[in-house]
Each structure stands twice: as structure tokens, then as C-alpha cells.
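The lines below spell out each chain.
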Amino acid sequence: MARNRLIPLLWRWHQRIGLIACAAVLMWGLSGLGHPIISRLGPEPAAFAPPRAALQLASLQPLAVLLEKQGIAELQRARLLNWDGRAVYRIEAAGEVQYLDARSGALIADGERDYAVWLARYYAFSVSSENEDGPGAVTRVDAFDDDYLFINRLLPVQRVDFDREDGLRAYVDTASGRLASLIDEPKALTGRLFRALHSWTFIPDPPLRRALMSLCLLAAFATALAGLSQYLLQRRAGRLRWAPSPTLKWHRRIGAVLALAALMLSGSGLYHLLHKPLAPAATAPAPTVDFASAELGADWAVIAAQLQVPLWAAELVAVDGQPWWRLQTHTAAAGRHHHHGGGESSPVAAAAYAHAGGGAVDAERELVHARELAAHYSGLPAAEIRELQQVTQFGGEYGFINKRLPVYAVHYRGSDQLSFYVEPLSGALAARVDNGDRREGFSFAYLHKWHFLDGLGRDARDAILASAALGIVAVFALGGYLYLRRRLTRRGRDVGAAAQAETLAPEA
């Protein structure tokens, strides 16, 4: 098509499609501009990791002895923890959570509630804080909702509301001692506003929401592409030296600079929207195990004699059909690789495990546990494992959105290169990743969130991305203004011409 015919064609479609996308881009751009600000306005936790005070193991009672005193013959979960200087067993049996003093065996009344409050205060204010804000309601949360979102991942949790004007509440996972979320009313309000503008939560029907968002994202991509093409063709034809108005001049200038950014953001946004499911996938349940209380008679003094470092917590897990204590020590884990194949393996820094019956400590048991968990979630045999990798920090395909650390990445052979990220502490599946997920994750991280600028620091990256969002909003706003002004001017001319024709028309 000749350049003289192509330029006006692109110009017409640039206007028409841009009008479809204009309102949507304004919502996305303004919410994208505000996201770095919103993320920095929320309440900052006083601590990010569970309290890690060393346990004095020598005087602790074996769990089997205390369970016998309580008349508990079987349980599903147990954890030894240090609660404000007091060694405590947290146990789950017959659908009920109980707390037992690990020395005296005494049942701690309201243990789940009080431990949740203690954790909430620890994360919100720190243990040493003299803050007197008292807790209000403590509520168990078993499902995600508009306040506790799916992005937080952990369930069930306890919601602890503080008696404050800002409505501060903490969501804590008492089974692991972790903070799931810390929210106040300003953060909740800005979060709802962001989701309304950026994810269009005001449309209750997910298929309709995705269809409309996809249409507007496609329109935004086409508008930017048509505008950039038209600009380059006009520049080559030498038609950009003159502009009828300053508004058009700035629309062209800013649009030319940010056209690539608009293509990146709209294209990656569309890819992300179409790749993710309409509703969050149901979380695969962790393996369920019933432990016979009589099998949990390990003496903590025997275990302590085999440890070279302090212990601050231990979880009861099942490995190869046997009960083991997974020991959380103060040793820093390293993120090295373990290659599975040919019967040979290189060492991986892993938590030590102590047999819950006899007390023998095994430093390699965690690798067996990770393989068993991966087999549970994948249904694939161990012979198909290509690589077993310990992950101790977020990055790459396993980002902060997955919440859980440390985990093991179990990579399988095959064309799709399936990977299952499993958490030995809880037995949970933290993430399932295939090549399609990797491609979309790369697109979203680098084309939508601009992690290629991470070397400049988070603040600089967010400032550049926010400036681009503001510029794109300005381009579409100026374009919309030009279109409406042109339409009104044309309508005014048409009305004037019609009036003049009526005046000059001869009388019948």
C-alpha cells in the first residue's frame, strides 16, 4: 500500500481503537502509577521471620509421655516451639488444636488464641515493644476473602484484630509461627481501589471481566502500534515539522517516546490475563498422616547430644512411613544443587531429622522427604527426577508471590520440564511450574514489572515504571481530548453550514 494511503488509514484506526482503550488505559495507568506508593504506605512488620529463641532440650518430656497423660492415642500434627521462653508442644488431634507445656505436660487453656495474639504482637510491635495496643477479636480464617487475599497463600490462619483507630489486624499461621499478612484500614482501602482499577473487580462475572479486559488490552496494543507506525511513516515523509496545535505536538512527542513501553505493558498484561485461570486453582492438599502416640517416645536429651547447634523449633513429619522430628536450628542453609541420577548425589545443606521413636539424627532425611512430597503432588516416579535443588531465597521462577521458604525445587525430565516446589516444614506444594508458566513469568517480570531495571535498585525501578505509566496516561488523555475537540469542531461546522443553507434557501 502506498505511503500516502497508509498514513491516513493508520490515523483513522489509531483514533477509533484508541477511543475504545482510552478509559481502560487511564484506569490501568493511574493504578499502576499508584501501586509503588500503595505498597510503601502499608504497616511495616516489626519482624519478618518467626522468633528464634533456643530451646533447652535436656529437661523436656517425650511427646508420647504427655499424650498418654492427656488420653490422646493418635494425632495428625505436632510442633515443638519456644513460646516466650516456654517450651510448648502444639498438637492437632481429632480436629482440635491443643498446647501442652513440654516440661510439666500441663494443658494450656486457650493456647491457640493466646499464641496467635503473642505472634501478632511480635510481628506488629516486636516482643520488646512497650506498645499497649490490646487485641480485640481473634478469628480462625479457613478461606481467602476480600481482606485476606489468595496472594497470601497460607491457610488456615488466625486473624488478630487490635483495638486501634486504624483497624490494624494481623493474620498469623500458628502451625509454623509465620506472619501471613499485616493490614490496616488505609492499606485495605487502597488495596480495594487498586484492584478495582487494575483488575476490574467491580465486574463480578470472571469470564465477562476477562473478555472486556482482553478487548481493551488488545485495543491499547493496536493503538500504540498504529500510532508508532504512523509516526515513523510521517517522519520519513517529512510531515512532522508542523503541527496544528501544541496539544498534538506533545501527544506525538510523548507517544513516540513511550510507544515501546505501551506495547510492552499492554502485550504482557494480555498474555498474563489469558494465561492465568479465571479463578485461583484449588490448593492441592498436603499428605495426611496419623501418628500413633506410642511411637513418639524419643528423648530430647538423646537428640540434643547429637546436635552441634541450638534448636529453636521442630515439626513432626512422616518420611518413608516413619515419624521424624524436622529440626529447625540456627544453621544457615546454603542454596546448592543436588543432582539426581545414576545413584550419585552432591551434598545439599538441609535440616537435620531426628527419629521420633528412637531419637537418632539423620542429616540426609530431608532429601528423602522432598522426593516423597514431590511424588505425592506430581504422581511421577523418583526415577524421572532430573535435579533436586534447595531454594532459600526468592528469585527467578520462584518469586516472592509464592511466600514459602525454604523449599525444594524438584525438576522432572520431559519436554515440558515440570518443576514442583515443595515445603518440607508443612508438606505443602508451594508452586508448580512448566515451560508455559516460565514464558509467561518471564514476560510479566521483565515486560510488565520491568525487573530488567533491578540493578538500579527498587526505588529507581519503580520511579521509572511509574513515570512511564504517567506518560502513557498523558498520551491517551491528550489523544482523547484531540478526538473529542475534532468531533465537536466538525459538529459545529456542520450545524453552521446547515443553518446557512436554511437561510439561503428560496422560499416556497
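All of these numbers come straight from a predicted model, not from anything done at the bench.

Caption draft 1: The packing of aromatic side chains, seen in detail. Counted according to the given criterion, the structure contains 20 aromatic pairs. Ring plane angle 15 degrees and centroid distance 6.2 Å describe the contact between W118 and Y122, whose orientation is recorded as stacked. You can see W118 and its partner Y122 sitting in helix 3 (residues 111–125), four residues apart, about one turn around the helix. One aromatic cluster in this structure is built from W83, Y99, Y115, W118, Y122 and Y123. The cationic tip of R253 hangs over the ring face of W250; the distance from NZ or CZ to the ring centre is 5.1 Å.

Caption draft 2: Local environment of unusual backbone geometry. At the junction of L155 and P156, the peptide bond is cis and its omega measures out at -10 degrees in the coordinates. Across the junction of L405 and P406, the peptide omega takes the value -10 degrees, indicating a cis bond. Checked against the element boundaries, P406 lands in the loop between strand 15 (385–391) and strand 16 (407–412). Even without glycine at this site, D320 takes up a positive phi of about 55 degrees. As for its placement among the helices and strands, D320 is situated in the loop between strand 10 (311–319) and strand 11 (322–329).

Caption draft 3: Representation of the pattern of salt bridges in the model. Applying the stated criterion across every chain, the model contains 26 salt bridges. With a closest N to O distance of 3.9 Å, D173 and R178 form a salt bridge. Looking at R178, the relative accessible area reads 13%, which means it is buried. Between R326 and E315 there is a salt bridge whose closest N-O contact spans 3.8 Å. With R326 in strand 11 and E315 in strand 10, the pair connects residues that are 11 residues apart, well separated along the chain.

Caption draft 4: Quick look at helix 2 (residues 63–70). Residues of helix 2 that are buried include every one of L63, A64, L66 and L67, and no others. Relative to the axis of helix 2, the buried residues are bounded by an arc of 165 degrees and lie together on one face. In helix 2, those exposed residues whose orientation departs by more than 90 degrees from the buried face are E68 and K69. Against strand 1 (74–75), strand 2 (77–83), strand 3 (86–93), strand 4 (96–101) and strand 11 lie the buried residues of helix 2. One or two positions beyond helix 2, positive phi appears at G71, with a value near 70 degrees.

Caption draft 5: Region of the structure containing a nonpolar patch on the surface. Among the surface-exposed residues, F442, Y446, L447 and F452 lie close enough to one another that they form a single nonpolar patch of about 390 Å² accessible area. Tracing the backbone through its elements, the reader meets Y446 in helix 9 (residues 435–448).

Caption draft 6: Structural view of the sheet that holds strand 6 (residues 157–162). Reading across from one edge, 5-6-7-8 is the order of the four strands in this open sheet, with antiparallel pairing throughout. A strand with exactly one partner marks an edge of an open sheet, and here the two such strands are strand 5 (135–141) and strand 8 (178–183). Here the average twist between neighbouring strands, direction ignored, is 20 degrees. Sitting on the sheet, helix 3 is in contact with strand 5, strand 6, strand 7 (169–173) and strand 8, with an inclination near 65 degrees to strand 6.

Caption draft 7: How the structure looks around the environment of E364. Checked against the element boundaries, E364 lands in the loop between strand 14 (361–362) and helix 8 (365–378). You can call E364 partly exposed: its relative accessible area is 42%. Sequence separation between E364 and A352 is 12 residues; the distance between their C-alpha atoms is 7.1 Å.

Caption draft 8: The arrangement of the sheet that holds strand 11 in detail. Within the open sheet, the seven strands sit side by side as 4-3-2-10-11-13-14. Their pairing is antiparallel. In the strand order of this sheet, the two ends are held by strand 4 and strand 14, each with one partner. By the bridge criterion, six bridges tie strand 3 to strand 4 in an arrangement that is antiparallel. Directly across from V88, in strand 4, lies its bridge partner D101. In the packing of helix 3 onto the sheet, contacts are made with strand 2, strand 3 and strand 4, and the angle to strand 2 comes to roughly 50 degrees. Here helix 8 sits on the sheet in contact with strand 10, strand 11, strand 13 (353–355) and strand 14, set at roughly 50 degrees to strand 10.

Caption draft 9: Geometry of the pairing of strand 8. Across the six residues that make up strand 8, a large majority, five, are buried. As paired strands, strand 7 and strand 8 are joined by five bridges and run antiparallel to one another. Bridged to V172 within strand 8 is L179. Count of turn residues in the strand 7/strand 8 antiparallel hairpin: four residues, of which G177 carries a positive phi of about 80 degrees.

Caption draft 10: Inspection of the environment of D184 at higher detail. Looking at the element boundaries, D184 is found in the loop between strand 8 and helix 4 (185–198). On the basis of relative accessibility, which here comes to 10%, the residue D184 falls in the buried class. Taking the C-alpha atoms as reference points, D184 and E165, separated by 19 residues in sequence, lie 9.3 Å from one another. Setting aside its immediate chain neighbours within four residues, D184 contacts P43, D166, G167, L168 and R169. Within the local environment of D184, its side chain forms a polar contact with the backbone nitrogen of K187, the two atoms lying 2.9 Å apart.

Thresholds, definitions, all that
Residues numbered from 1 in each chain as written. Predicted model: local features only at pLDDT ≥ 70, side-chain atom pairs only at ≥ 80, totals over all residues. Heavy atoms only, no water. Phe/Tyr/Trp six-rings, centres within 6.5 Å; stacked < 30°, edge-to-face > 60°. Helix = DSSP H or I, 4+ residues; strand = E, 2+ residues; numbered from the N terminus. Lys NZ or Arg CZ within 6 Å of the ring centre and 35° of its normal. Salt bridge = Lys/Arg side-chain N within 4 Å of Asp/Glu carboxyl O. Buried < 20%, exposed > 50% of the residue type's maximum accessible area, 1.4 Å probe, protein only. Arc of directions from axis to C-beta. Contact = heavy atoms within 4.5 Å. Patch = residues over 30% accessible without salt bridge, like charges linked within 9 Å, V, L, I, M, F, W, Y side chains within 5 Å. Areas by Shrake-Rupley, 256 points an atom, 1.4 Å probe, with all protein chains shown as cover. Pairing = 2+ DSSP bridges. Axes fitted to C-alpha atoms, helices over the stretch in contact; angles between N-to-C directions. Polar contact = N/O pair within 3.5 Å; in protein donor to acceptor, adjacent residues only side chain to side chain.

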